[in-house]
Amino acid sequence: MKFETPAGQNPIDQLRIVGQPVDRFEARLKTTGTATYAYEYHDVAPNVAYGYILGAGIAKGRITSIDTRRAEAAPGVLAVVTYRNAGPLGVGNFYVQRMLAAPDVDHYHQPVAVVIAETFEQARAASSLIRVDYVRTEGQFDLEAQLDSAPVAQQQPFGGPTETQVGDFDQAFANADIKVDETYTVPDQAHAMMEPHATIATWEGDRVTCWTSIQQMNWGTRDLGLILGIPRENVRLISSFIGGGFGGKGTVQIDLVLAAVAARMVRRPVKIALQRSLMFNTTIHRPKTIQRIRLGASRDGKLTAVGHESWSGNLAGGRTEPTTLSTRALYAGPNRMTRVRLATLDLAEGNAMRAPGEAPGLMALEIAMDEMAEKLGMDPVEFRILNDTQVDPENADRPFSSRPFVECLRTGAERFGWSARKVQTGKVRDGHWLVGMGMAGAIRGAPISKAGARVRLDRHGVVTVETDMTDLGTGSYTIVQQTAAEMMGVPIHRVVAKLGDSIFPETPGSGGQQGAPSVTAGVFAACMKLREEVAQRLGFNAANTEFIAGEVRSGDRSVPIASASADGDIVVEDSMEFGDLSKQFAIQTFGSHFVEVGVNAFTGEIRVRRMLAVCAAGRILNPKTARSQVIGGMTMGIGAALMEEMAVDKRFGFFVNHDLAGYEVPIHADIPHLDAVFIDEVDPAISPVKAKGVGELGLTGVAPAVANAVYNATGVRVRQYPITLDKFLDRLPATI
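Residues numbered from 1 in each chain as written. Predicted model: local features only at pLDDT ≥ 70, side-chain atom pairs only at ≥ 80, totals over all residues. Heavy atoms only, no water.

(A) How the structure looks around the overall build of the protein chain. Along the protein chain, the regular secondary structure elements total 16 helices and 32 strands. Its C-alpha atoms give the protein chain a radius of gyration of 27 Å, within 12% of the compact-globule value 27 Å for 736 residues. Principal axes of the C-alpha set define a box for the protein chain whose edges measure 80 × 75 × 50 Å. By the burial criterion, 62% of the 736 residues in the protein chain qualify as buried. For the protein chain, long-range pairs separated by at least 24 residues make up 81% of all intrachain contacts whose partners lie at least 6 apart in sequence. Put simply, the protein chain has 74 plus and 82 minus side-chain charges, and the middle of one group is 2 Å from the middle of the other. (Helix = DSSP H or I, 4+ residues; strand = E, 2+ residues; numbered from the N terminus. Rg over C-alpha atoms; globule rule 2.2 N^0.38 Å. Buried < 20%, exposed > 50% of the residue type's maximum accessible area, 1.4 Å probe, protein only. Contact = heavy atoms within 4.5 Å. Lys, Arg positive; Asp, Glu negative; His and termini not counted. Charge placed at Lys NZ, Arg CZ, Asp CG, Glu CD.)

Right, dumping it as C-alpha cells:
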C-alpha cells in the first residue's frame, strides 16, 4: 500500500481500541521477572560459552605486541580472539567505529581481545593474563582546542544540512534593535541504560543467529553482514525485549560483532555482556557541543535574525551532532543562518542519543530565547507566541501539516499557573529555598518510513501480527495489538503481537521517534489486505463491510470473523510506503515544558518541585503508554540539566566516570510528580493512522526549562550544563 495523499476517514477513526489507555501487554512479564532479555536466554543455544572483552589501555596509538599464551592456558579457556586471528572485520553503514584494535588503537577501551571460556568468571580471570604492549601517540581529546580549526561538517544522510542561509543574517543582526549573543556548552553524555549491551551468538554453517539487544533490526542485519563480510540474508537477529536503548542500541555494537566472531571461532554458542566501563568508553554517546546563539529582534519583539553555530567532535569520518535542527523550524525570522562544525577527536564515537540534535540544540536556543525575552521586557511565553509561524521558516511555500505550538504554550501556562511567576529574579522564598519558574518550547521531527507486517487469522478468530519492530520499554507490543484489534474488529485479547525478529516483515524499528507511526501504518496496510480477503471469502463487498465485535457485517447480514478461516488460516502480508507528503508539508511534533525549582539559598542544592509537559504529536495511540514515554523523557531532561556529564581526562583521553557510581542520573528522590497532557489533534499528512512519535518530544526542551527556572529563582544565569552548584554558588543572592 502507498500513502500519497492526506488520509480521510478509515477504520482507525472508530477509536474503540486505538486511543484508549490500554495496559501494556508485557507489564505482567516485566513485573514478575519473566520477560526474557538478550543475555537471559538459557535454552536457545545449548553448551554456551562466555566471552569477556579486554579493552585498550591507551586512547591513541598502536599495539606492538600481544601475548595471549598464559590466558589460553588458563582453566576453562577455549580461545582468545585478537586482530591476528579474528579475520577481516569491516565497518557498518551507520557507525564508523572499528570493533577491534587491529593493531591501531582509535580510542580508549577499544577491544583488543576477547577471551572465550566455559564460565564468565574463567573468561574474566584469564583476560588479566593477557600482556599487551603499546606505542602511545598524541591524541585529540579537547573540543575547545579545535574551535578555530574545525571545518564545517560534511553533509550526511541524517541530520539535515550542515550549513543554511536565508536572507542576510549578518546585516540583520548588526542592525537589530535588541541582541543576544551567547555561547552554551552541553557536555558528553552517556545513555546509561539499565540493561547492558548483550548478545548470544550461534552459527549453523554460514548463517548466524543472535539474541541481542538492538533497536533497529534492518540496520542490524545490514551492518553485521557488512562487518563480518557475509550476506545480510545470512544474519538473523532476535530481540524480544530491550532494557533501555535511547539510541545507544540503534544498530551493531561490539557485543554483537565479537560474540559472532567468537562463536565462529570456537564453533559453539558464545554469550557476551559488556561491563559498564566498556559501555561508556567504547559504545556510542552524545558528544559534547559548544553552541553560539545569536538572536536579533525589533523592539516590538519580532525576531529579525536567528543564528546558530555549533561545534562537536567525533572519530574520523563520524557524524556531527545536528543541534541546529530545532532552530531551523521552531520560530519565525526572515534572516537566518545555521552552521555545524566537526572536529576530529580520539574519543569513543559520538552518535544518536535521546533526541539527537533537538535535545542539545534546544538546551542552547531556549535559554537564549529567555534571555531575549528579558531584554525586551516580555513574558517568555508571549515572546514565543509572537514569533510562531505556520509555515517552514526556511520555505514560506511549505506549510506545517499541523502546528498547535501556540496551543501547547497557552495550555501549559494556564495549567501550570504561569501567571503567578514573578518577573524579578531571586525574590520568591520558601524557608531556606529560593523558588523560581521556567519554561521552554519543544520540537522534534516526525519521520516515518516504510514498514511491513504479516497478519494471520486462525479458525478461532485470533489475529496474529508479525513484524520486526522492537520494544525498548515504549509499548510497541501494545500499540500493534491495538491497531490490529481496531482494524479487524476483535477484542485486544484476541490479538497476538510477535515482534523483534529479523525474519519478520521489515520496519525501521525503534529510533528517531519514527517507530510507532511507521509500524502502525504497516499493520494498517496488512490489516486492510486481510479485511479484503475475509470479505471475499464470506461473499461480502469489502468496501461496504464493517468489522465490529468479532463479527463481519454488511447490510443486514452478520457473520463471526472466525468463520472466514474455518477451512484454514488466512495469512497476508503488506507494507506501507510513503510518497512525498513530507516534502509538501513540514511535519513535526511540538510541545511546551514548565518547571518550578527550589534552590537552597545556603548550599545551592537544586530541587525540581513540579513539572508539566504539554505535547502535540498527532493522534495519541495509547495515552497511558504515551504518558509513560513523556515522563521518562522529562526525567532524562532533569538529568541532562542538573547532573549528567562524562568527564574527559584530557591527558590520557578517556571518560573518567565510566560507571553508574560516577556518572550521575536521576533517582526516585530527585523526581517529583510529573504531569503530562496531550493536545487533541490528528495529522492526516503523516499516515492513515494519523499518529506521530512522541517519546523524544518528552525530552526536548526540558533541560532549558529547568535552567530558566534556576535563573528565575536565583538571578544567576548558567550557560554550561549540567547546572552544578560550583557554577553559581558564589553568585547566589545574599542570605539574611
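(B) Quick peek at the side chain of Thr545. Relative to the helices and strands, Thr545 is located in the loop between α13 (515-538) and β24 (546-548). Taking relative accessible area as the criterion, Thr545 reaches 6% and is therefore assigned buried. The residues contacting Thr545, other than those within four sequence positions of it, are Arg531, Ala535, Phe540, Val552, Arg553 and Ser554.

(C) Layout of the pattern of salt bridges. Taken as a whole and judged by the stated rule, the model has 47 salt bridges. The partner of Asp106 in a salt bridge is Arg98, and the shortest N-O contact between them spans 2.8 Å. For Asp106, a relative accessible area of 16% puts it in the buried group. Through salt bridges with shared partners, a single ionic network connects Glu163, Asp181, Arg292, Arg294, Glu309 and Arg339. (Salt bridge = Lys/Arg side-chain N within 4 Å of Asp/Glu carboxyl O.)

(D) A look at the sheet that holds strand β7 (residues 131-136). The antiparallel open sheet is built from three strands, whose spatial order is β5-β3-β7. Every other strand in the sheet has two partners, leaving β5 (104-105) and β7 as the edge strands with one partner each. Sheet analysis places strand β3 (residues 61-67) next to β5, joined by two bridges and oriented antiparallel. By the bridge assignment, Gly61 is partnered in β5 with Val105. (Pairing = 2+ DSSP bridges.)

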